[in-house]
Amino acid sequence: SLLPLPSATLHGLSIGQTQPITFDSITVRPALGSLWQEVKVLRAVEVEGFTVDRRLLALAVALAKPGDAPPLVTVQRVKLRAMQLDLEPLKWGLLRADIALHDRGVEEVTAASEDNKFKLQLTQGSEQATQELLITAKDWPLPIKPGLEFEQLTAKGVLRQNNLNISDIDAKLYGGKLVGKVNVDWVRDWQVRGEVQASHVETKEAVARVMLACSTV
């Protein structure tokens, strides 16, 4: 198109007063043809420079709840940049994500750490109401104590509404190999079940990391 596409950017946005949730910038890119229609379409919403904590999660959940009236705005894509996670005991960042949406929810997610040591992809599954998860990582330390470092990691699974089944975990760490599977369920309370087998792992450094983590609790 020869015409410039419309967009609007807010810089230095904050929500709340006592402990405000801050964003470096938020950019909104509407679909030009929808500006004169009853339902406005946003081609993309780009959010940069923010921290995901429990307050922001609660706000996002509240905003995502469907109302009684049909929505007046639909969003096709959300792009997140310079994002940090602060969800004790998980602290992790900087991260980026690209989320494609459709009228039934999330269509596809691609995410990664800014150093590209960790990558995640979520795509439509072969079964209805499922999504397939693929995680790959290289020279990546877990962002949670004891911070074990994976030389290589591949994990494949299926995400459902109230369940995540990672059926194939294949990792290399500390000179050895780790394989296993994990099932996470949150129908009522969070439940985690799984099996992990390790072989030829050099335990000295791994144990040292665990001891260091315990000593700083």
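As a reminder, the structure under discussion sits directly above these lines.
Presented here is a report on the structure given in the accompanying data block. Quantities reported herein were computed from a predicted structural model and do not represent experimental measurements.

**Section: the overall build of the protein chain**
Counting its regular elements, the protein chain contains two helices and 13 strands. The proportion of buried residues among the 217 residues of the protein chain is 29%. Here the contacts in the protein chain between residues at least 6 apart in sequence split such that 33% fall between residues at least 24 apart. As displayed, the protein chain offers around 14700 Å² of accessible surface, 56% of which is attributable to carbon and sulfur atoms. The average position of the 25 basic charges and that of the 26 acidic charges among the side chains of the protein chain differ by 1 Å.

**A look at the environment of Asp98**
Inspection of the secondary structure assignment puts Asp98 in strand 6 (residues 90-102). For Asp98, a relative accessible area of 19% puts it in the buried group. Each C-alpha atom of the pair Asp98 and Leu72 lies 23 Å from the other, and the pair is 26 residues apart in sequence. Here Arg77 takes part through its side chain, which lies 3.0 Å from a polar atom of the side chain of Asp98.

**Notes on the packing of aromatic side chains**
Summed over the entire model, instances satisfying the criterion amount to five aromatic pairs. Here Trp92 and Phe118 contribute two aromatic rings whose centre-to-centre distance is 4.9 Å and whose plane-to-plane angle is 80°, an arrangement assigned as edge-to-face. You can see Trp92 sitting in strand 6 and its partner Phe118 sitting in strand 8 (residues 118-124), a full 26 residues away along the chain. Here Trp140 and Phe150 contribute two aromatic rings whose centre-to-centre distance is 6.2 Å and whose plane-to-plane angle is 20°, an arrangement assigned as stacked. Placement of Trp140 in strand 9 (residues 131-141) and of Phe150 in strand 10 (residues 149-160) is noted, with a sequence separation of ten residues between them. Across the pair, Phe150 and Trp140 agree in class, each one buried.

**Points about unusual backbone geometry**
Residue Gly93 is joined to Leu94 through a cis peptide bond whose omega torsion reads 10°. In this model, Tyr174 sits at a positive phi of 50°, which is unusual for a non-glycine residue. Take Tyr174: its relative accessible area is 10%, and that puts it in the buried class.

**Here's the deal with the pairing of strand 6**
The pairing of strand 5 (residues 77-87) with strand 6 spans nine bridges and is antiparallel. Across the sheet, residue Met83 finds its bridge partner in strand 6, namely Leu95. Linking two consecutive strands that pair antiparallel, namely strand 5 and strand 6, is a turn of two residues. With eight bridges joining them, strand 6 and strand 7 (residues 105-113) adopt antiparallel strand pairing. Bridge pairing links Arg96 to Ala112 in strand 7.

**Describing the nonpolar core**
Core analysis: the largest hydrophobic core is formed by 35 residues, its most contacted members being Phe23, Val47, Phe50, Leu80, Trp140 and Leu153. For Val47, the residues in contact, after removing those within four places along its chain, are Phe23, Ser25, Ile26, Lys79, Leu80 and Arg81.

**Concerning the pattern of salt bridges**
By the definition in use, this model includes seven salt bridges. A salt bridge links Arg77 to Asp98; its shortest N-O distance comes to 3.0 Å. One end of the pair, Arg77, is in strand 5; the other, Asp98, is in strand 6, with 21 residues separating them in the sequence. Arg77 sits in the partly exposed class, given a relative accessible area of 32%. Taking the shortest distance from any N to any O, the salt bridge between Arg96 and Glu114 comes out at 3.6 Å. Pair noted here: Arg96 is in strand 6 and Glu114 is in the loop between strand 7 and strand 8, with a separation of 18 residues, a long-range link. A relative accessible area of 35% means that Glu114 is categorised as partly exposed. Linked by salt bridges that have partners in common, Asp86, Glu88 and Lys91 make up one network.

Definitions and limits used
- Residues numbered from 1 in each chain as written.
- Predicted model: local features only at pLDDT ≥ 70, side-chain atom pairs only at ≥ 80, totals over all residues.
- Heavy atoms only, no water.
- Helix = DSSP H or I, 4+ residues; strand = E, 2+ residues; numbered from the N terminus.
- Buried < 20%, exposed > 50% of the residue type's maximum accessible area, 1.4 Å probe, protein only.
- Contact = heavy atoms within 4.5 Å.
- Areas by Shrake-Rupley, 256 points an atom, 1.4 Å probe, with all protein chains shown as cover.
- Lys, Arg positive; Asp, Glu negative; His and termini not counted.
- Charge placed at Lys NZ, Arg CZ, Asp CG, Glu CD.
- Polar contact = N/O pair within 3.5 Å; in protein donor to acceptor, adjacent residues only side chain to side chain.
- Phe/Tyr/Trp six-rings, centres within 6.5 Å; stacked < 30°, edge-to-face > 60°.
- Pairing = 2+ DSSP bridges.
- Core = buried A, V, L, I, M, F, W, Y, C linked by side-chain atoms within 4.5 Å.
- Salt bridge = Lys/Arg side-chain N within 4 Å of Asp/Glu carboxyl O.

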